Amino acid sequence: MNKSLVLLIALFFTCNNLFAQNPARVTIRGVVQDTSAMTLTGATVMLLQPKDSSLVNFARANDKGSFEFRNVKNASYLLKISYVGFLPYQQKLKEFPSEVNDLGPIKIKPIAKELLEVVVKTAKAPLSIKGDTVEYNAASFKVPPGSSVEDLLRRLPGIEVDASGNIKAQGKDVKRVLVDGKTFFGDDPKAATKNLGAETISKVQVYNGKSDQALLTGADDGKKEKTINLELKDEFKKGAFGKITAAVGTSDRGVLRGNYNRFNKKEQFSVLGYANNINETGVNWSDYGEFKGNNSFNSNDNGDFGFGNGSRFYYMEGDYLNNFDGKGFTNNFGTGVNYNYTHQKTKFSSSYFYNQTKLNLDQYQSTKTFLQNSNFTTLDTNNTVSFRNSHSVAARLEQMLDSSNTIIAKTNLRFSGSNSNVNQVQQYLNNSEDVQNRINMNNGSNLNAYNFNFTAIYRHKFKKKGRTFAASSTLSTSSTDGTDNIRSLTRFFNATNVNDQIRAISQLNQNANTTTMIKAGVNYLEPLSKKVYWESFYNFNNSGQNVGRDAFNGNLESQRYDSLSTYYQNQITYNRVGSGLRYSNDGINLSFGLAVLQYDLDGKVYPQKGKPLTANISKQYQALTPNFSANIEFKNNAYMGFNYTLNVEAPSITDLQPVVQNNNPFYITSGNQDLLPAKNHELSFDISKFDPATFASIGIWSSYRYYLSQIVYSQTVDANFVTRTRPENMSGGKSFNLGMYSSFPIIKTKWTMNLSGNINTSNTPTIVNTIVNQTNNKNYTINAGFSITPSEKLIMNIEGNLGFNNISYTIENNQNQNIRTKGLSTSVKWNFAKKTFFETSFDYNSYRNDRFGFDQEIPILNASVRRLFMKENRMEVRLAAFDIFNKRQSIVQTGYLNTVSNQQALTLARYFMLSLTYNLKGHSDKLKKNGGFF
Amino acid sequence: MKKIFLLALLYIAYFTSFGQNNEGVVYFTRTTYWTKLNSTLTYLSKQEKERMSYMFGGKDDWANYTLLYFNDNESKYVNSEEKNEESEGYAWRKEAYSIGRNFTKNTMTDVIEMLGKTYIVEDSLKLPEWKILNDLKEVAGHICMKAQVEDPIKNQKITAWFAQDLPSQAGPERLWGLPGMILELDINDGAVTVVATKIEFKKVDKELEPPKKLKGKKITNTEYQNMIDKFIKEKIKEEINPFWVIRY
């Protein structure tokens, strides 16, 4: 059918021809030859539109080198011929007057062999041909740093440079060297080549330029001179950004915060500083990221090999982040520098950071402790003034030795100090809420510490794809040196004997601890087939700790309390070897593994450093730990995960130390040398589905933990409410967690609804006065909210939450606690005028516990107006009001073991603040819809 | 236009006898550079783009492997089973993706899983508006010439390098129609690159056979493009990167 149509069209055009000047359709043919008239079989011949080089048609030359375009539209064309090893040929074709047009033999020129061999094949650089200009990327030719353009030209194929700097291109003298098309330093071609650095050049072009004479007169004398043009690199990879904020507020509030970054292709340099008294103890995530630059996240940094978690994850060391816990008033200062160098196979980073925080905290806590068929209440009022600071220096080097070997070395040195003074009053009330004892304490402490850490990780990829080996080792040492000054005065209101009515303690403790840890690990991954992998690992860890404490009479420092002093040496050696099989194919990843681990503990106790040994504890624990995991990705974006593992964890050093801690005479802790490791089964399951068309998602996750052995603190409470605790192993503890979330659009691009809920239940056994108590904790929370974006200029959020926490105690079952929390949180961001924004948020929280008779409501309202000024919106002026109702305080309600407590602390409430921020790159004049995501 | 094209095809069919290199498979590495890709999003501020490249530039790449089967008349472009070197053997599910081109029948049969559904795009072929440029470069042992095309829907400027000595119109992704096989693609200045690493000449009749059971919704190419267009516009408005869930 098509054939007849073509014929018909052809017929039509033939008729048409009788009347038209030029035929509407033409046939173009020709023969492709090289300069010695050899035919070039298979050459590609293209017809392009002259105005934009659009491809109209193409053909290939046959075995006689001839090509033909039959019946193409009669128009002007650009005829283009390409053939391997030849310069692309271009010829303009005008509209043809006749129907059949033979262009005859077309001779195309070969590309200089060295260009093809060296530039294209060896340096893998693209070759640009513009008429008779050949241009290539100078960056593909490696010259040592500091080389001049002359050194670079020496390396370029087809160019010769003699001893005195004269240049020849393709055998002809180069008369002119241009820089970005312009003459550089007069007419001497050597001026540019000797004076310019090779690293500033991006492209080298060689062409036949018009002679000076022709340029001067404008008349082409036909003489062509070899010309080299050097194109300079655009410097887009170099730059700087940063911002500075200064703010003043009511009640002497002030903020100064700034960061500045400079970078080029290889280096990143940044400085950061902050000082404030508005409880920002560090910087936020985005400032942190700008400070650390490409060292914020590092892959391959984990040398602790094990099941499934593999060895590749990104993590951030959050030393400088704001970690304020919501309690008290702080004055903060911090500053640091960071330098990163990344070039080819080397990545180096280093940083120094100093920070300090002064805290003033007033806190009130009421705790109810349940004993068998009775309870007592502790009221605690405490004022803490503390100061802490730290200097930290860190460096990291990642060096790729070759494509299969990588080494990572990182080190960190940190000096820190703190001193604090705590004034505390505790009152102990019996069942009928009569004050039994009162204790006034004044404890001071002073601590200096240093930590040093060095880790090296080696990774190797074998020739066999998927087979990898990794080894790591870590050395870490730390030392702390401190003094505790403990003073307390206790009144016992029930005492009948005068001597028993008052007890005073004055004690000075000198503590000196050192820890040294050596860690090592290896990991080996072997692909048994494309779908089955065999993974094995070994971990070793040896840590030694020396703990020394000398307790003296606070009033008579020569009097040593031997019973409260100790010197203790502890060695823990951990060995684990594990192996597992994994099946991985098309979204199904299943793995099963088994590991054997052994802890060797060796403890030596001395009455004092240098004195003979009083006790030697030597223990060995072994365990076999299985691990199973399944991760399945279904069609339609549904996921399922299941994991089972047996966790074994050795007791902590402090829990093993047979040392009595009596800083608080009503709460005396001591260690237990007979502790066994904690062991639990852990099961987790999750399932989720995501709809990419609407971004709706739903997920459910669940986890269950059962303790074969749990470390819990048994308590003995005497008639005077002095509690003595000691860690013990108990079995039967369990916890269960079930959570769900969902997010879906109600109106596309405008309304999104978020729902989430959580159920937590736990059962913790503990021994209170030799009787086993079970604490059952049930916690339910539910959360619902909307994100509303009616327009580009208005963004709103509203969210509500409810929480129920029921705690029951088997030893005092009429004392079940019901803690209720309610919350409502709303926010509005409104770009109400050009470059002007209004932002407000309102949070309402209520806390209730009927047993305590506690019912507190906290409404917090914040509001601010900001406007952008200057070119590129570099300046932002903001007027903000924080906590307009002056209600902010910290409230924490918790139930733990056989206690329930309610803690309240004062913190920064209402203030107003005016701030100026100057941003080198300008502020965005739009509202952000998805808080920082991209 | 269609007829011209048909004629061109006739020529190709006629001249293919020149090369023995007319049937086989091309191995491609498809690398996504997320920082560059994200930088093309219009709703991000200058500061955000700067921070992003400052923090993640240089280690934001993720490679996948793809295969292009071809003979004189047909080509089929699919995801390879091969795993990324960084994946430690873990295998994620790959969405259905098979791009079939028949140059003699002038038809496309694309099976694309997208936005939670599998679509079968069946339509006639429409030649992309290629511009031919004057640069030469070697890719996988072949000297290639540069060509460019624009995708207004995904807002992409695509550079292709096609071999002078492989007389096939086939190409990776959904591209085709150059006087030689496309061996490299560069989308938006390196946001995504698709580079041939190896070419194996062998019989691939079996691989080129269309999937036996085509399960999915049949749509035309225009419907497919309209759907993508609508989705991209919607997500850009919501300030969500649409290329999290659709192929760049």
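Residues numbered from 1 in each chain as written. Chains lettered and ligands numbered in written order. Predicted model: local features only at pLDDT ≥ 70, side-chain atom pairs only at ≥ 80, totals over all residues. Heavy atoms only, no water.

The subject of this paragraph is the overall build of chain B. Within chain B, the regular secondary structure consists of five helices and twelve strands. Taking 2.2 N^0.38 as the reference for a compact globule, 248 residues should give roughly 18 Å; the C-alpha atoms of chain B span a radius of gyration of 18 Å, in line with that estimate. In terms of its C-alpha atoms, chain B occupies a principal-axis envelope of roughly 55 × 40 × 40 Å. Split into buried and exposed, the 248 residues of chain B put 60% on the buried side. Carbon together with sulfur atoms contributes 52% to the accessible area of chain B, which is approximately 10600 Å² in total. Taking the average place of the 36 positive charges on the side chains of chain B and the average place of its 36 negative ones, the gap between the two points comes to 5 Å. (Helix = DSSP H or I, 4+ residues; strand = E, 2+ residues; numbered from the N terminus. Rg over C-alpha atoms; globule rule 2.2 N^0.38 Å. Buried < 20%, exposed > 50% of the residue type's maximum accessible area, 1.4 Å probe, protein only. Areas by Shrake-Rupley, 256 points an atom, 1.4 Å probe, with all protein chains shown as cover. Lys, Arg positive; Asp, Glu negative; His and termini not counted. Charge placed at Lys NZ, Arg CZ, Asp CG, Glu CD.)

This brings us to the overall build of chain A. Within chain A one finds eight helices and 46 strands. Its C-alpha atoms give chain A a radius of gyration of 39 Å, more than 25% over the compact-globule value 30 Å for 934 residues. By principal-axis analysis of the C-alpha atoms, chain A measures approximately 135 × 65 × 60 Å. Partitioning the intrachain contacts of chain A with sequence separation of at least 6 by distance along the chain shows that 62% fall at a separation of at least 24. Carbon together with sulfur atoms contributes 55% to the accessible area of chain A, which is approximately 45900 Å² in total. Across chain A, the mean location of the 103 positive side-chain charges is 4 Å away from that of the 75 negative side-chain charges. (Contact = heavy atoms within 4.5 Å.)

Our focus in this paragraph is the packing of helix α6 (residues 285–292) of chain A against helix α3 (residues 46–56) of chain B. Two elements in contact, α6(A) and α3(B), have axes separated by 8 Å at closest approach and are oriented at 50°. With respect to each other, α6(A) and α3(B) are oriented oblique. Crossing of α6(A) against α3(B): the hand is left-handed. Every residue of α3(B) that contacts α6(A) at S286(A), G289(A) and E290(A) is listed here: Q47(B), R51(B), Y54(B) and M55(B). Here the contact of α6(A) with α3(B) is built from residues that sort into two nonpolar, three polar and two charged. (Axes fitted to C-alpha atoms, helices over the stretch in contact; angles between N-to-C directions. Parallel < 35°, antiparallel > 145°, perpendicular 65-115°, else oblique. Left-handed = near helix turned anticlockwise from the far one by under 90°. Nonpolar A, V, L, I, M, F, W, Y, C, P; charged D, E, K, R; others polar.)

Below, the discussion takes up the environment of S168(B). All names here are of chain B. By secondary structure assignment, the location of S168 is in the loop between β9 (156–163) and β10 (182–187). Exposure remark for S168: the relative accessible area of 9% places this residue in the buried category. Sequence-wise, S168 and P179 are eleven residues apart; in three dimensions their C-alpha atoms are separated by 6.8 Å. Beyond its immediate sequence surroundings of up to four residues, S168 is in contact with F70, L178, P179, G180 and M181.

In low-pLDDT regions, the fine details of the predicted coordinates are not to be read closely. Residues and elements named next belong to chain B. Model confidence for chain B is summarised by a mean pLDDT of 86, while 92% of its residues fall at 70 or above. Within chain B, no element has a lower average pLDDT than helix α1 (residues 2–15), which sits at 47, and none a higher one than β10, at 95. Counting interchain partners and residues more than four positions distant, the pLDDT-below-50 stretch residues 6–19 has 21 contacts. (pLDDT = per-residue confidence, 0-100.)

With that settled, consider the interface of chain B and chain A. Facing the 77 residues of chain B at the interface are 104 residues of chain A. Contact between chain B and chain A buries roughly 7800 Å² in total, counting both sides, with carbon and sulfur atoms accounting for 54%. One can count six salt bridges joining chain B with chain A. The shortest N-O distance in the salt bridge between E50(B) and K921(A) comes to 3.4 Å. Broken down by secondary-structure element, the contributors of at least two residues to the side of chain B that touches chain A are α1, α3, β7 (131–139), β8 (142–151), β9 and α5 (221–237) of chain B. At nine residues, α3(B) tops the list of elements feeding residues into the side of chain B that touches chain A. Taken together, the residues that form the side of chain B that touches chain A break down as 37 nonpolar, 13 polar and 27 charged. (Buried area = accessible area lost by both parts, 1.4 Å probe. Salt bridge = Lys/Arg side-chain N within 4 Å of Asp/Glu carboxyl O.)

Our focus in this paragraph is α5(B). Think of an α-helix as turning once every 3.6 residues; residues three or four places apart then point the same way. All names here are of chain B. Between its first and last C-alpha atoms α5 spans 24 Å; for 17 residues at 1.5 Å apiece the expected length is 24 Å, and the two agree. Buried within α5 we find N221, Y224, I228, F231, I232, E234 and K235. All buried residues of α5 project into a common sector of 165° when viewed along the axis, lining one side. For α5, the exposed residues lying more than 90 degrees away from the buried face are T222, K230 and K233. Contacts from the buried residues of α5 go to β5 (107–114), β6 (117–124) and β12 (217–219). In the stretch just after α5, E239 is the one whose phi turns positive, near 60°. (Expected span 1.5 Å × (residues − 1). Arc of directions from axis to C-beta.)

Ranked by internal contacts, the top residues of the largest apolar core, which has 93 residues, are L127(A), I159(A), I228(A) and L183(B). Formed jointly, this core draws a minimum of three residues from each of two domains, domain 1 (2–108) and domain 2 (113–232) of chain A. The contacts of I228(A), once residues within four sequence positions are left out, are L153(A), I159(A), I167(A), V174(A), R176(A), V177(A), L178(A), V204(A), Q205(A) and V206(A). With 22 residues, the next largest nonpolar core counts I28(A), F67(A), F69(A) and A75(A) among its residues. (Core = buried A, V, L, I, M, F, W, Y, C linked by side-chain atoms within 4.5 Å. Domains from an automatic or database assignment.)

By the definition in use, this model includes 31 aromatic pairs over all chains. Sitting above the plane of the Y533(A) ring, R582(A) keeps its charged end 5.2 Å from the centroid. One residue, R582(A), lies across the ring of Y90(B), its end atom 3.7 Å from the ring centre. (Phe/Tyr/Trp six-rings, centres within 6.5 Å; stacked < 30°, edge-to-face > 60°. Lys NZ or Arg CZ within 6 Å of the ring centre and 35° of its normal.)

Attention now moves to the sheet that holds strand β5 (residues 77–82) of chain A. Residue and element names in this part refer to chain A. Across the sheet, four strands lie side by side as β3-β2-β5-β6; this open sheet has antiparallel pairing. Among the strands making up the open sheet, the edge pair consists of β3 (55–60) and β6 (89–93). Pairwise comparison of adjacent strand axes, ignoring direction, gives a mean angle of 20° for this sheet. (Pairing = 2+ DSSP bridges.)

Let's shift gears to the confidence of the model for chain A. All names here are of chain A. On average, residues of chain A score 86 in pLDDT, and 93% of them reach the 70 mark or higher. Contacts of residues 14–18 to residues separated by more than four positions or lying in other chains number four contacts, the stretch itself having pLDDT below 50. In this model, residues 310–314 is a region of pLDDT below 50 whose contacts with residues beyond four sequence positions or in other chains number 18 contacts.

The next thing to look at is the pattern of salt bridges. All names here are of chain A. Under the definition given, this model contains 39 salt bridges over all chains. Ionic pairing is found between E398 and R396, a salt bridge with its closest N-O pair at 3.0 Å. Of the two residues, E398 and R396, neither departs from the other in class, the shared state being buried. Note that R724 and D718 form a salt bridge whose closest N and O atoms lie 3.8 Å from each other. Residue R724 is classed as partly exposed on the basis of its relative accessible area, which comes to 43%.

This paragraph deals with the pairing of strand β9 (residues 133–137) of chain A. Residue and element names in this part refer to chain A. For β9, the buried fraction is high: four of the five residues fall into the buried class. Both strand β8 (residues 127–130) and β9 contribute to a ladder of four bridges, which runs antiparallel. If you follow L127 over to β9, its bridge partner there is Y136.

Below, the discussion takes up a nonpolar patch on the surface. Residues and elements named next belong to chain A. Taken together, the side chains of L683, F685, I687, I700, Y704, F736, L738, I759, Y780, I782, L802 and F804 define a hydrophobic patch exposed on the protein surface, amounting to about 920 Å² of accessible area. Sorting the residues of the nonpolar patch by element identifies β33 (678–691), β34 (696–717), β36 (734–747), β38 (771–791) and β39 (794–809) as the ones contributing at least two each. With respect to the helices, strands and loops of the structure, I700 is situated in strand β34. (Patch = residues over 30% accessible without salt bridge, like charges linked within 9 Å, V, L, I, M, F, W, Y side chains within 5 Å.)

The pairing of strands in a sheet happens through backbone hydrogen bonds and is either parallel or antiparallel. Residues and elements named next belong to chain A. Taken together, three strands build an open sheet; the order of strands is β4-β1-β7 and the sheet is mixed. Bordering the open sheet on either side are β4 (66–73) and β7 (100–108), each of which pairs with just one other strand. Direction aside, the axes of adjacent strands within the sheet are offset by 20° on average. Both strand β1 (residues 25–34) and β7 contribute to a ladder of seven bridges, which runs parallel.

Residues and elements named next belong to chain A. Examined against the element boundaries, Q33 turns out to sit in strand β1. Separated by 290 residues in the primary sequence, Q33 and N323 place their C-alpha atoms 76 Å from one another. Excluding residues within four positions of it along the chain, Q33 makes contact with M38, T39, L40, P105, I106, K107 and I108.

A few words on the environment of V143(A). Residues and elements named next belong to chain A. By the element assignment, V143 lies in the loop between β9 and α3 (149–155). Residue classification places V143 among the partly exposed positions, given a relative accessible area of 23%. The spatial distance from the C-alpha of V143 to the C-alpha of R155 is 8.3 Å, given a sequence separation of twelve residues.

Non-glycine residue N886(A) carries a positive phi angle of around 55°. You can see N886(A) is positioned in the loop between β43 (875–882) and β44 (889–896). In this structure N886(A) comes out as partly exposed when scored by relative accessible area, which is 40%. Even without being a glycine, N155(B) presents a positive backbone phi close to 55°. With respect to the secondary-structure elements, N155(B) resides in the loop between β8 and β9.

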